Each structure stands twice: as structure tokens, then as C-alpha cells.
Amino acid sequence: MEVGITSAYSLKYELRSPKEVWEMIKEVTEGVLTKVDKGINKEEIDLVIVSNFSDRFGGLLHTAPLVISYLGLNNTKGFRVENACVSGGTALYLAWNFLRSGLANNVLIIGFEKMSHLPSSTEVNEVLMLAGHPDEVLVGSPFVSLYALIATAYMSKYGVKEEDLALVAVKNHENGLRNPLAAMQKKISVEDVMKSPYVSWPLKLYDSSLITDGAVALILSNKPREYTDTPVLVKTVTMYHDHPGVFQREDLTALRAVKKAGEEAYKNAGLTPKDIDVMEVHDAFTIAEILVYEMLGLAEKGRGVDLIRNGVTTFNGEIPVNPSGGLKSKGHPIGATGVGMVAEIYWQLRGEAGQRQVPDAEVGLVENHGGTGATSVVAIFSR
């Protein structure tokens, strides 16, 4: 059975959206219906999955019935999913399995977060920390500090410098300049990154993703060719877990859940890393993108940094990674993040990505993870 994406719609990500959260949800719910090539009757949507990390980012719960009401329906089923920063990837995983099983025929995914609903970054971090291990919460370790531990271990083990991490930020900001949906369209240099203030050594302000508002919608179908002649097919979606606490892991320089999810995804799809034309990966912090290179088989352990040093993952490189600008430049509205990654690959494989279009892209991959990599979803798509 084919499962394919038939439509995608996204608001521009913003550091502080003037729209109320329900206005954002309503706009993408209605907008995604208009983007189906052959049209779709809203009554054909038989499942709604809403991806949202926290009601403190927007003040809403029980959001699936709200989406269904915007559709004007009363027979459609729906629910909300929360899985930290991989909430959107989890929504895709569930939708794919519902469609393959025949329990649904057309699924609408809505991902949203309005992080500016809270007045300060301190309060935002208090909410984000709740996605970590309780022992890390009790000692007050925000995710930037946990990723800083990972970065410190990686730098010490493999001789990597802060300037190497900065190259990831420079690349993704360069990509974000081509993306009208990106929250921070600002060209930066390695020097700019190095001069930015430390948030948690060795990670600086420009090593960190953005507190962002955003909303994205997708429609998936198990009869995609009824709605478009050019669906983007979902070849596989895999999910794996690791210990939620960084202190519980044997190797701080590995993201085991990403590695396991990637290995299964390649196996299921009958592909290798060399077959992937474009990737969107979870660069919540610059060190994360480098580790994901290695976990997804683009480089051996300790050699991921060579890819960014040698330009392999730049827009014009051999394996373009995060042409959208990634979480670093595009933004990280948590519930929308994974959904937005999938939307980007959808546009790339349909040749609709505008100035950021990767030439001749036929196979794409999304890696979306939550916490410090405690959960990872990897999905592979094709034209």
C-alpha cells in the first residue's frame, strides 16, 4: 500500500507572532486543504493528529476537536501527541501506521507552538527542562547545558574546536537566507559565532536554536494518487529511544536512538546513506547536527566534523543538509518542528522549494529527535 503526502502548508516562523495561537491553527488547517492538487473534500479527512509540546506555549489543550470544528466536521476522530521536540516526528509515525493499517485513509497533521506566549526565556527553559530526566530537572540542568556536556566530550575525544561547531551555524544561516519561512534570515560568520556570548560553555548564543512561534499542516493519504499526480511517498518511518538522562549513557558522543532509527530506516527502504539527496535533521544545537551526520552513516565516529569543514553538507555540497535553514535559522517551534521538516522535504522532492531547491532531489530524509536524543524518528521519502 502506498502512503504519500498530498499537501503541505506552513506559516512563516517568527520570534514573536502577532497572531493568537488559535488563529495560527485555523490558518494552517484551512490552508493545507487548498494546496491539494486535485482537491479534497474535507469530509474525506478521517483522522486529525495535533502535535504540540506544552499548553504553556499557547494556553490550549484538547486541540484535535478544535481543528475538527474548523473543518466543520463531527465524524472525524482526533488526538494530540506530545513527545518533546520529536512531537512532530511522532505524529508522522502514528499517521503512517494508521494509514498502512487501513484504520484511516486521509490524515491531517497539525503541528504548532507559540513559545512567545511566555514572557521570558527563563520561563521557556523551565518548561523545556521538564522533557529531561527528573534527576537533571532537580539539579536545574537546561538542555543547552546538557548538550554542552556532549559537546565538551566530543571536542575532547576528537580534537574538535569551537570554530568547527560554528561552521554549522554559518551554513544553516546561509541556507535560511533563501527561505522566506525562516525566522532569522541573517548571514553570520564564524567570527560572529565566536563573539556571541556563551550560554553554556562551549555553546554560545549562535550555537543554539531559536525560541519560535510557528504552525505547519500536512495531509497524508493511503490513496495519494487520487489527490495528486506527484505525491511524495513515505517509504518508511522508524522510532527508537535511549536513556532520557545524559548521565545514564555509556558514550556521550553518540546518539544511540538516532543511529538505531537510521539503520532500520535504511533497511526498510532498501537504501544507503549515499542514496539520500537531501536531509532535514535536528540541529537544536550545532553539536547535534555533527553527531547526527555520524549516527546516520554519513561519516565514521569522530569524522562528522570533516563534512562541515569540507563543505559536504552545504547547499551546493554532495549531501545538502538543512536547506531550510534548520532549527538554527528557520526556528524551533517545538510542536511544529518535525512537521515543518517533513513539509520541507515534500517541497524539495516536488521541486517547489524556490531559491533553496536542491537540484534533482528524488530521495529525502528527516531526522527529528527529542530531549538530548532520548527519542528519535527517522523518515525516508521519495518522489
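Residues numbered from 1 in each chain as written. Predicted model: local features only at pLDDT ≥ 70, side-chain atom pairs only at ≥ 80, totals over all residues. Heavy atoms only, no water.

**Focus on the packing of helix 6 (residues 143-158) against helix 10 (residues 286-295)**
Convention followed: Every angle, taken between N-to-C directions, lies between 0 and 180 degrees, and every axis is a line fitted to C-alpha atoms, over only the stretch in contact when it is a helix. By definition, any uninterrupted DSSP run of H or I lasting at least four residues is a helix, any uninterrupted run of E lasting at least two residues is a strand, and each is numbered from the N terminus. Oblique is the label for any angle not covered by the other classes, which are roughly parallel (under 35 degrees), roughly antiparallel (over 145) and roughly perpendicular (65 to 115). By convention the crossing between two helices is left-handed if the near helix lies anticlockwise of the far one by an angle smaller than a right angle, and right-handed if it lies clockwise. A contact between two residues is defined here by any heavy atoms of the two lying within 4.5 Å. Any residue outside Ala, Val, Leu, Ile, Met, Phe, Trp, Tyr, Cys, Pro, Asp, Glu, Lys and Arg is labelled polar, Gly included; the first ten of those are nonpolar and the last four are charged.
Orientation of helix 6 relative to helix 10, taken along the N-to-C sense of each, is 60°, at an axis distance of 10 Å. Here helix 6 is positioned oblique relative to helix 10, judged by the angle of their axes. Seen from above, helix 6 lies across helix 10 with left-handed handedness. Between helix 6, through Tyr147, Ile150, Ala151 and Tyr154, and helix 10, the contact on the second element is made entirely by Ile287, Ala288, Ile290, Leu291 and Glu294. Here the contact of helix 6 with helix 10 is built from residues that sort into eight nonpolar, no polar and one charged.

**Details of the pairing of strand 8 (residues 232-241)**
For a regular strand, side chains alternate in direction, first toward one face of the sheet and then toward the other. How we decide: Following DSSP output, two strands are said to pair if at least two bridges run between them.
Two elements, strand 1 (residues 4-10) and strand 8, share two bridges in a ladder whose sense is antiparallel. Residue pairing for strand 8: Gly4 is matched across the bridge by Leu233. As paired strands, strand 8 and strand 11 (residues 375-382) are joined by eight bridges and run antiparallel to one another. Following the sheet pairing, Thr238 is matched in strand 11 by Val378.

**Concerning the pattern of salt bridges**
Test applied: Take a side-chain nitrogen of Lys or Arg and a carboxyl oxygen of Asp or Glu: if they are within 4 Å of each other, that pair is a salt bridge. Under the scheme applied here, a residue whose accessible area is under 20% of the maximum for its type counts as buried, over 50% as exposed, and between as partly exposed, the area being computed with a 1.4 Å probe on protein chains only.
Counting across every chain of the model gives 23 salt bridges. Ionic pairing is found between Lys157 and Asp251, a salt bridge with its closest N-O pair at 4.0 Å. Within this pair, whereas Lys157 is found in helix 6, its partner Asp251 is found in the loop between strand 8 and helix 9 (256-269), the two being separated by 94 residues in sequence. Residue Glu174 pairs with Lys187 through a salt bridge whose shortest N-O separation is 2.5 Å. Taken together, the positions of Glu174 in helix 7 (residues 162-176) and Lys187 in the loop between helix 7 and helix 8 (190-195) put the pair 13 residues apart, joining distant regions of the chain. You can call Glu174 partly exposed: its relative accessible area is 29%. Exposure remark for Lys187: the relative accessible area of 56% places this residue in the exposed category. Here the salt bridges share partners, and the residues they tie into one network are Asp164, Arg303, Asp306 and Arg309.

**Observations regarding the packing of aromatic side chains**
For clarity, the threshold we go by: When two rings of Phe, Tyr or Trp (its six-membered ring) have centres within 6.5 Å they constitute a pair, described as stacked for plane angles under 30 degrees, edge-to-face for angles over 60, and tilted for the intermediate range. For a ring to carry a charge above it, either NZ of a lysine or CZ of an arginine must fall within 6 Å of the ring centroid while also lying within 35 degrees of the normal to the ring plane.
Evaluation of the coordinates by the stated rule reveals four aromatic pairs. Considering the side-chain rings of Tyr147 and Phe285, the 4.9 Å spacing of their centres and the 40° angle between planes classify their relative orientation as tilted. Of this pair, Tyr147 sits in helix 6 while Phe285 sits in the loop between strand 9 (278-281) and helix 10, placing them 138 residues apart in sequence. Against the face of Phe315 rests Arg178, its NZ or CZ located 4.2 Å from the ring centre.

**Re the pairing of strand 11**
With respect to burial, strand 11 is a largely interior element, eight of its eight residues being buried. Here strand 10 (residues 363-370) runs beside strand 11; their pairing, made up of eight bridges, is antiparallel. When the sheet's bridge partners are listed, His369 is paired in strand 11 with Ser376. Taking the residues that link successive antiparallel strands as the turn, the strand 10-strand 11 hairpin has four residues, and the phi of Gly371 there is positive, at about 65°.

**Some remarks on the sheet that holds strand 7 (residues 213-221)**
Taken together, the nine strands give an open sheet; going across it, the order is 3-2-4-7-1-8-11-10-9, and neighbouring strands pair in mixed fashion. Taken across any chain shown, the strands that pair with only one partner, and hence form the sheet edges, are strand 3 (77-81) and strand 9. Averaged over all adjacent pairs, the angle separating strand axes in this sheet is 25°, with direction ignored. In terms of strand pairing, strand 2 (residues 47-51) meets strand 3 through five bridges, oriented parallel. The residue bridging Ser51 from the neighbouring strand is Val81, located in strand 3.

**Considerations on the side chain of His173**
Tracing the backbone through its elements, the reader meets His173 in helix 7. The class of His173 is buried, set by a relative accessible area of 0%.

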